[in-house]
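Coordinates in review
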Amino acid sequence: MQQKNSVSGSKIVYLDTNMVSQSSENQRSTSIDGIEVKLSSAEIQVGALVGIQRQIREVQKNGTFMLEKYISKNHDPGKHGLWGNSIEGALGEFAVSKALNQYPTGIESHWATDVGENIEVRTRKKPEHQLFLKTTDKPGFVYVLVCGSFGSYQIKGWIESDFVFQQSDWLHDNNGTTTRCFWVPDDALKSISDLVHV
């Protein structure tokens, strides 16, 4: 067990091994494409609250122009809107935290790392959706792709941002249908089980 101070001064405890609860509501199972994680009702409630708090900060910062600003930078937020996206993003972080048995540090502040000390999470709704990194994303970090919604997620894999930023052919806007980002092919992702040792 390792204890460190977080950005906000609270203590973060990292366990050296993954511990799996025997509760049926707390299961993780390994699949061919990654790890499947089902969040408990309590985890969903806490994660949803984190997502709502994030969106309230955006409302306070950008006011009534929040949606227009988002669309101008990132295209349409989809049918679930910004609230749903913020909640699912936080729940994806909780899924990775649960799978890796690490503290979800993203709950602490807007600028905090999502999980542990160097893991950022991207949550996408559909399994065919790719991991993307923005040109402004953090160098020296690990980015994890999570697919799913409503408390059931598949952690598809991870990649180091420094490697992604070297792949100039991955930087595009999908023929004008998305924001210009680095779009990471699924076959470039590393197994989530390898992340335990990073």
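Note that the coordinates shown come from a computational prediction; the quantities given were computed from them, not determined experimentally.

Val96, Ile119, Val144, Ile155, Ile192 and Leu195 are the most contacted members of the largest nonpolar core, which totals 22 residues. The set of elements that each furnish at least two residues to this core consists of strand S4 (34–38), helix H3 (81–100), strand S5 (119–124), strand S7 (142–149), strand S8 (152–160) and helix H5 (192–195). Per element, the largest residue contribution to this core is seven residues, and it comes from H3. When near neighbours in sequence (up to four residues on either side) are disregarded, valine 144 contacts Val96, Ile119, Glu120, Val121, Arg122, Leu131, Ile155, Gly157, Trp158, Ile192 and Leu195.

Right, let's talk about the confidence of the model for the protein chain for a bit. Looking at the protein chain, the pLDDT average stands at 79 and 72% of residues meet or exceed 70. Averaged over each element, pLDDT in the protein chain is lowest for strand S2 (residues 11–14) (37) and highest for helix H4 (residues 161–164) (98). Segment residues 5–32: pLDDT under 50, and 58 contacts once partners within four positions in sequence are set aside and those in other chains are kept.

Within the open sheet, the three strands sit side by side as S6-S10-S9. Their pairing is antiparallel. Each end of this open sheet is capped by a strand with a single partner; those strands are strand S6 (131–133) and strand S9 (171–172). One ladder, built from two bridges, connects S9 with strand S10 (residues 181–184); its direction is antiparallel. Bridged to histidine 172 within S10 is cysteine 181.

Before going further, it helps to examine a nonpolar patch on the surface. There is a patch of nonpolar side chains on the surface, built from Ile52, Ile56, Val59 and Trp83 and spanning about 310 Å² of accessible area. Element by element, the count of residues in the nonpolar patch is highest for helix H1 (residues 41–62), at three residues. Here tryptophan 83 shows up in helix H3.

For the rest of this paragraph, the subject is unusual backbone geometry. Although it is not a glycine, phenylalanine 150 sits at a positive phi angle of roughly 55°. Within the secondary structure, phenylalanine 150 is located in the loop between S7 and S8. Phi angles above zero are rare outside glycine, and asparagine 174 is one such case at about 50°. Relative to the helices and strands, asparagine 174 resides in the loop between S9 and S10.

Calculation rules
- Residues numbered from 1 in each chain as written.
- Predicted model: local features only at pLDDT ≥ 70, side-chain atom pairs only at ≥ 80, totals over all residues.
- Heavy atoms only, no water.
- Core = buried A, V, L, I, M, F, W, Y, C linked by side-chain atoms within 4.5 Å.
- Buried < 20%, exposed > 50% of the residue type's maximum accessible area, 1.4 Å probe, protein only.
- Helix = DSSP H or I, 4+ residues; strand = E, 2+ residues; numbered from the N terminus.
- Contact = heavy atoms within 4.5 Å.
- pLDDT = per-residue confidence, 0-100.
- Pairing = 2+ DSSP bridges.
- Patch = residues over 30% accessible without salt bridge, like charges linked within 9 Å, V, L, I, M, F, W, Y side chains within 5 Å.
- Areas by Shrake-Rupley, 256 points an atom, 1.4 Å probe, with all protein chains shown as cover.
- Salt bridge = Lys/Arg side-chain N within 4 Å of Asp/Glu carboxyl O.

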